[in-house]
Amino acid sequence: MLERLQTLEDRYEKLNELLSDPEIVNDSKKLREYSKEQADLTETVQAYQQYKDVSSQLDDAKAMLDEEDDEMKEMVKEEINELSEQKAELEERLKILLIPKDPNDEKNVIMEIRGAAGGDEAALFAGDLYRMYSRYAESQGWKLEVIESHESEVGGYKEMIFMINGKGAYSRFKFENGAHRVQRVPATESGGRIHTSTATVAVLPEAEEVEVEIHEKDIRVDTFASSGPGGQSVNTTMSAVRLTHEPTGTVVSCQDEKSQIKNKEKAMKVLRARIYEKFQQEAQAEYDENRKSAVGSGDRSERIRTYNFPQNRVTDHRIGLTIQKLDQIMEGKIEEFIEALIIEEQTKRLEQIGE
């Protein structure tokens, strides 16, 4: 571990030199590339430098034990205990920092929520999930932008596609990928019986143009008038846009904006993200099954969480965590689940590193 850390520190120092080189400063692509690499290394290198400093102080303190009188020895022993604790904490922190990072973690995120089993109640629950994620994004200071929505006649959404702009958004939302199950008495149920419905959530990292090459000749563009709940027209102009990427068969439509140009821009973001996800899934299929994280495969058909309204209970089935605060969670307070899932993912990756 220490050899790897020293290699990272050497690279960090080299990057400092490169970023001072006039030739690099005048090359915007390399400047951006090296600046990002340096930023990614900063926290790890600083922790390693702190670790070396504490280790040095600890060695000095141990050497003093043979030279001091009894009174001073007690003070030195206390210092050794404190430094030993600091060193152990830093070692654990460095192990976490050395875990290979998901290259998508810092990206914006595109989320797609759809009512699944349960008809109207599934659409209402999809609306509840959208509100929950909206509140959480707001608490993080992130910007939410609706791309496409299809409201249900009774409220909620048959489908809701939106983008969350914020540093690290994907790292927090990626665990929401999958099927969410709700158990409650629907407003339309006169007999008071509990129904079970589901909504699916897809979480896609926003893909940059350099990551996914899409040729204009491969995209079919169709325009149409926007429609509201029940299919009625809400716009007489042909502002809605449907993009079809013919090589992959991926279809995206957007009608949220009044401008055809803006709808096309939004649709392109979703199209790029979906194609990027497709490439990632194909690569993941070739990955050793035993190396997958225990938090789930990310398949959106996989049931990940149950929201039980009568008992005010939410259970995440991937990690066996149950929280009796459903009312607060539906208000966007999902941090406890996110933190637990991050820890689970880190633990599994540490185990893989140690194998």
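Keep in mind that this is a model prediction, so the values were computed, not measured.

J.: Where do I start with the nonpolar core in this structure?
T.: Across soluble globular proteins, nonpolar side chains show a tendency to be buried alongside one another. Counting 36 residues, the largest nonpolar core has Met111, Leu129, Tyr133, Ile164, Phe173 and Tyr307 as its most contacted members. Listed in part, the 17 residues of the second largest apolar core include Ile147, Val252, Leu271 and Ala273.

J.: Would you mind going over the packing of aromatic side chains with me for this structure?
T.: What characterises a pair of aromatic rings is the spacing of the ring centres plus the angle enclosed by the ring planes. For the structure shown, the criterion picks out 7 aromatic pairs. Taking the centre distance of 5.3 Å and the plane angle of 65 degrees together, the rings of Phe125 and Tyr307 count as edge-to-face. With a gap of 182 residues between them, Phe125 in helix H5 (residues 120-139) and Tyr307 in strand E9 (residues 303-308) connect regions that are remote in the sequence. For the residue pair Phe125 and Tyr307, the accessibility class agrees, reading buried in each case. Look at Tyr133 and Phe173: their rings are 5.8 Å apart centre to centre, the planes differ by 80 degrees, and that puts the pair in the edge-to-face class.

J.: Explanation requested: the layout of surface pockets in the structure shown.
T.: Over the atoms, a rolling probe the size of a water molecule traces out where space has been left empty. Roughly 1500 Å³ of internal volume is contained in the largest pocket. Together, 34 residues line the largest pocket, and Lys36, Asp40, Lys101, Asp102 and Glu106 are the ones closest to its centre. Ranked by residue count, the leading element in the lining of the largest pocket is helix H3 (residues 28-64), at 9 residues. Taken together, the residues of the lining of the largest pocket sort by class into 12 nonpolar, 3 polar and 19 charged.

J.: Please explain the packing of H3 against helix H4 (residues 70-97) as it appears in this structure.
T.: In helix packing, the relevant descriptors are the interaxial angle and the interaxial distance, both defined with respect to the helix axes. Taken N-terminus to C-terminus, the directions of H3 and H4 make an angle of 155 degrees; their axes are 9 Å apart at the nearest point. Of the possible angle classes, the one that applies to H3 and H4 is roughly antiparallel. Remark: the crossing between H3 and H4 carries left-handed chirality. Classifying every residue of the contact of H3 with H4 gives 13 nonpolar, 6 polar and 6 charged.

J.: Please clarify how the sheet that holds strand E2 (residues 143-151) should be interpreted in this entry.
T.: Working definition: the strands of a sheet are paired by backbone hydrogen bonds and lie parallel or antiparallel to each other. The sheet built from 8 strands is open, its strands ordered E2-E3-E1-E5-E4-E9-E10-E11 with mixed pairing. The open sheet has two edge strands with one neighbour each: E2 and strand E11 (321-323). Here the strands of the sheet are splayed against their neighbours by 15 degrees on average, with no regard to which way each runs. The sheet contact formed by E9 and strand E10 (residues 313-316) spans 4 bridges and is antiparallel. Across the sheet, Asn308 pairs through a bridge with Arg313, a residue of E10.

J.: How should helix H1 (residues 2-18) be read in this particular structure?
T.: For an α-helix, 3.6 residues make a turn, and residues three or four places apart therefore share a direction. For H1, with 17 residues, the first-to-last C-alpha span of 24 Å sits near the 24 Å given by 1.5 Å per residue. Taken as a whole, H1 has its buried residues at Leu5, Glu9, Tyr12, Leu15 and Leu18. As for H1, its buried residues are in contact with helix H2 (22-25), H3 and H4.

J.: Even after reading the chapter, I still don't get the packing of H1 against H3, so can you show me in this structure?
T.: Two numbers describe how H1 lies on H3: the axes approach to 9 Å, and their chain directions differ by 130 degrees. Here H1 is positioned oblique relative to H3, judged by the angle of their axes. The way H1 lies across H3 gives a crossing that is left-handed. Judged by residue contacts, Leu2, Leu5, Gln6, Leu8, Glu9, Arg11, Tyr12, Glu13, Leu15, Asn16 and Leu18 of H1 engage Tyr34, Glu37, Gln38, Leu41, Thr42, Thr44, Val45, Tyr48, Gln49, Tyr51 and Lys52 from H3. Classifying every residue of the contact of H1 with H3 gives 11 nonpolar, 6 polar and 5 charged.

J.: What exactly am I supposed to notice about H3 here?
T.: The end-to-end C-alpha separation of H3 is 52 Å, in line with the 54 Å expected for 37 residues at 1.5 Å each. Looking at the buried side of H3, the elements it contacts are H1, H2 and H4.

J.: It is not clear to me how the environment of Met163 should be interpreted in this structure. Could you clarify?
T.: Within the secondary structure layout, Met163 lies in strand E3 (residues 157-165). The exposure class of Met163 is buried, given its relative accessible area of 1%. Along the backbone, Met163 and Glu206 are 43 residues apart, and their C-alpha atoms lie at a distance of 8.5 Å. Not counting residues up to four positions away in its chain, the partners in contact with Met163 are Asn108, Val109, Ile110, Lys143, Leu144, Glu145, Ile147, Glu206 and Lys269.

Basis of the calculations
Residues numbered from 1 in each chain as written. Predicted model: local features only at pLDDT ≥ 70, side-chain atom pairs only at ≥ 80, totals over all residues. Heavy atoms only, no water. Core = buried A, V, L, I, M, F, W, Y, C linked by side-chain atoms within 4.5 Å. Buried < 20%, exposed > 50% of the residue type's maximum accessible area, 1.4 Å probe, protein only. Phe/Tyr/Trp six-rings, centres within 6.5 Å; stacked < 30°, edge-to-face > 60°. Helix = DSSP H or I, 4+ residues; strand = E, 2+ residues; numbered from the N terminus. 1 Å grid on protein atoms, 1.4 Å probe; cavity = no way out; pocket = protein on both sides within 12 Å on 5 of 7 lines; lining within 4 Å. Points joined across faces, edges and corners; volume = space filled by probe spheres on them. Nonpolar A, V, L, I, M, F, W, Y, C, P; charged D, E, K, R; others polar. Axes fitted to C-alpha atoms, helices over the stretch in contact; angles between N-to-C directions. Parallel < 35°, antiparallel > 145°, perpendicular 65-115°, else oblique. Left-handed = near helix turned anticlockwise from the far one by under 90°. Pairing = 2+ DSSP bridges. Expected span 1.5 Å × (residues − 1). Contact = heavy atoms within 4.5 Å.

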